[in-house]
Amino acid sequence: MSGEPVVGKDELDKAIPTSITIANADESSPSRTNDVAFFRSTLFQILVVGICAFSAPGIWSAMNGLGVGGSQTPNLVNAANALLYAFMTVTCFAGPWLTNAIGFRWTLSLGTLGYPLYAAGLYVNNRFGGTWLVYMGAVTCGISAGFFWSVEGAIATGYPEQHKRGRYIATWFTFRNFGNIIGGAISLGLNHNVNQRGKVGYQTYLGFIAIQCLGCLFALLLSNPEKVQRDDGTRIEAPRGIPWRTELREMWRLARSKSILLLIPLFWYFGWCQAYPGTYLATYFTVRSRALGSFLSAVLGTFSTWLGGILVDLHWAKSRRTRAISTYVLITILNSATWIWAVIIQNEYRFSLPVLDWGNQAEFGRGFGVYMFERVSYAMVENYIYWCISNLSDSPGDQIRYSSLLRGIETAGVAIGFGVQAVPTTLIATASINLGLWFFALLFSYYATLRVVRKFKQLDKGHDENGGILAA
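Once a new chain begins, its residue numbering starts again from 1 and follows that chain's sequence as written. Residue-level local features of this predicted model are given only where pLDDT is at least 70; pairs of side-chain atoms are given and counted only at 80 or more, and the full residue set underlies all totals for whole chains, interfaces and linings. Hydrogens and water are ignored here; the side-chain numbers use all heavy atoms of the structure.

## A look at the overall build of the protein chain
Then step 1. Helix and strand counts for the protein chain come out as 17 helices and 2 strands.
Then step 2. A simple rule labels every residue: compare its accessible area, found with a 1.4 Å probe on the protein chains alone, to the largest value its type can have, and call it buried under 20%, exposed over 50%, or partly exposed in between. In the protein chain, which comprises 472 residues, the share counted as buried stands at 60%.
Then step 3. In the protein chain, 87% of the contacts between residues at least 6 apart in sequence involve partners at least 24 apart. Going along the chain from the N terminus, every DSSP run of H or I of four or more residues is numbered as a helix, and every run of E of two or more is numbered as a strand. Residues count as neighbours in contact if any of their non-hydrogen atoms are within 4.5 Å of one another.

## Remarks on the packing of aromatic side chains
Then step 1. Aromatic pairs are defined between Phe, Tyr and Trp rings, using the six-membered ring for Trp, whenever the two ring centres lie within 6.5 Å; interplanar angles under 30 degrees are classed as stacked, those over 60 as edge-to-face, and all others as tilted. If you walk through the whole model with that rule in mind, you get 31 aromatic pairs.
Then step 2. When the ring of Phe267 is compared with that of Tyr386, the centres are 5.7 Å apart and the planes differ by 80 degrees; the resulting orientation is edge-to-face. Taken together, the positions of Phe267 in helix α11 (residues 258–272) and Tyr386 in helix α15 (residues 361–390) put the pair 119 residues apart, joining distant regions of the chain. Across the pair, exposure class does not vary: Phe267 and Tyr386 are buried alike.

## Some details on the nonpolar core
Then step 1. Definition used in this section: a nonpolar core is a set of buried Ala, Val, Leu, Ile, Met, Phe, Trp, Tyr and Cys residues joined via side-chain atoms within 4.5 Å. Among the nonpolar cores identified, the biggest contains 120 residues, and Tyr85, Leu108 and Tyr280 are the most heavily contacted of them.
Then step 2. The dominant element in this core, judged by the number of residues it contributes, is α15, at 15 residues.
Then step 3. With residues near it in sequence (within four places) discarded, Leu108 still touches Val49, Cys52, Phe148, Val151, Glu152, Ile155, Ala219 and Leu222.

## Considering the side chain of Asn335
Then step 1. Examined against the element boundaries, Asn335 turns out to sit in helix α14 (residues 320–352).
Then step 2. Given a relative accessible area of 1%, Asn335 falls into the buried group.
Then step 3. Aside from chain neighbours lying at most four places away, what touches Asn335 is Tyr269, Ser377, Val381 and Trp438.

## Focus on the packing of helix α12 (residues 275–284) against α14
Then step 1. Contact geometry for α12 and α14: axes closest at 13 Å, N-to-C directions at 30 degrees. Of the two possible hands of crossing, α12 and α14 adopt the one that is left-handed. On the side of α12, the interface is formed by Tyr276, Tyr280 and Tyr284, while α14 contributes Trp339, Ala342, Ile345, Gln346, Tyr349 and Arg350.
Then step 2. Only Asp, Glu, Lys and Arg are considered charged, only Ala, Val, Leu, Ile, Met, Phe, Trp, Tyr, Cys and Pro nonpolar, and every remaining residue, Gly among them, polar. Per-class residue counts for the contact of α12 with α14 are 7 nonpolar, 1 polar and 1 charged. Every axis corresponds to a line fitted to the C-alpha atoms, with the helix fit spanning only the stretch in contact, and the corresponding angles, defined between N-to-C directions, vary from 0 to 180 degrees. It is the rotation of the near helix from the far one that decides the hand of a crossing: anticlockwise by less than a right angle makes it left-handed, clockwise makes it right-handed.

## Details of the confidence of the model for the protein chain
Close reading of the predicted structure is inappropriate where its pLDDT is low.
Then step 1. Mean pLDDT over the protein chain works out to 80, with 82% of the residues at or above the 70 mark.
Then step 2. Per residue, pLDDT measures the predictor's confidence, with a range of 0 to 100. Predicted confidence for residues 1–33 stays below pLDDT 50, and this span has 73 contacts to residues more than four positions away or in other chains.
Then step 3. pLDDT under 50 marks residues 467–472. Its contacts with residues more than four places away, or in other chains, come to 13 contacts.

## Re the environment of Thr332
Then step 1. Mapped onto the elements of the fold, Thr332 is located in helix α14.
Then step 2. In sequence terms Thr332 and Phe439 are 107 residues apart; their C-alpha atoms lie 9.0 Å from each other.
Then step 3. Excluding anything up to four places from it in sequence, Thr332 contacts Trp438 and Leu442.
Then step 4. For this analysis, a polar contact is any N or O atom pair within 3.5 Å, provided that within protein one partner can donate a hydrogen and the other can accept it, and provided that sequence-adjacent residues contribute only side-chain to side-chain pairs. Polar side-chain contacts of Thr332 include one of 2.8 Å to the backbone oxygen of Tyr328.

Here you go:
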């Protein structure tokens, strides 16, 4: 189990379990918790993927948190982001094949390489006005980011122990939000005197590029699943060398499963609505207000992510069913109220066309407040849907398939959302569609929650029948 098992076609049934097999530690193996090196622990792996999430997509989010990449007008960056996510959709679905060939660690490293080129394109456009590198960076980033998204999701949801998944997913997203926190702080410091609409200073991008270049090196600290040890002294077995036809068959099997079908509307909503907040910020707010929005949204988003993780993990209620459904209800109320408020505000702004700056608190507070609530509810939805994925299977093999399928659907939604916004489309129409998609996804996501609860019961039953040892 310490090596990487290569699986032949005849051993297929053993190689692809629907749930991971956890081998019990014996007396002769160095598998006791106190013998586990920290760099092989699940916590260390989450820290690694978190640092990579900070340096690559986190900094990317920081730039887009400034309002469509910090540009003066939204159309160019919205078009580039639509192109980026179109390529990303394809490579996200292809993630399991690459990971099967080169492993989790190298896939994670490879997935970071396109992000600095995207930032470089924004820098060149901001300083010199050229657009070619924006589009080239978008294509390159889209290709690499699809692989990154599929594998980081599988690591964050498949590596941790079951009772830690909500908090470890929150840890992963916290690192990603640090990108927005640091990026927003840098931009706020550089642009705090710019109290008019426009673009951020080109110096803002230099720090972003430097941080993103480090991502590929951080990724090499990751351990592949078979070398990771959980805190109960067990190791994760993830077969490699699976034939591509078999991998395709497994992807198709999961794509038709009820769990995936029920989560598709929520992931589509989650992807589609990402184009709106940045466009809203760039349309109505001054440069320094956009920088403030990038910073504060990350701070509140981090808090919201941890709140979601704690609600599903900690034993404030004895029943996991109660914790899961209560968290779902809280998210439902918060997100529904936020989008109703957003539509009301947007309907007002389409006639008044304000320029909002923190110097005018009377007008600034309402518009900025709805943006903050959008980011808070967005963070709680994000944590919750990945918590749902994490409890569909204990297998990193299945987790990367789940992650690739659902994140591929998410990126398709993002691509179309940015494409529609780049036309451009009136923001009142976009906000109304966001509201409609949210209410459409609610019913399906509720039944997805119930399936996760039933999965808990099955795991508990299997745990009891096997004398405390989790088996496939």
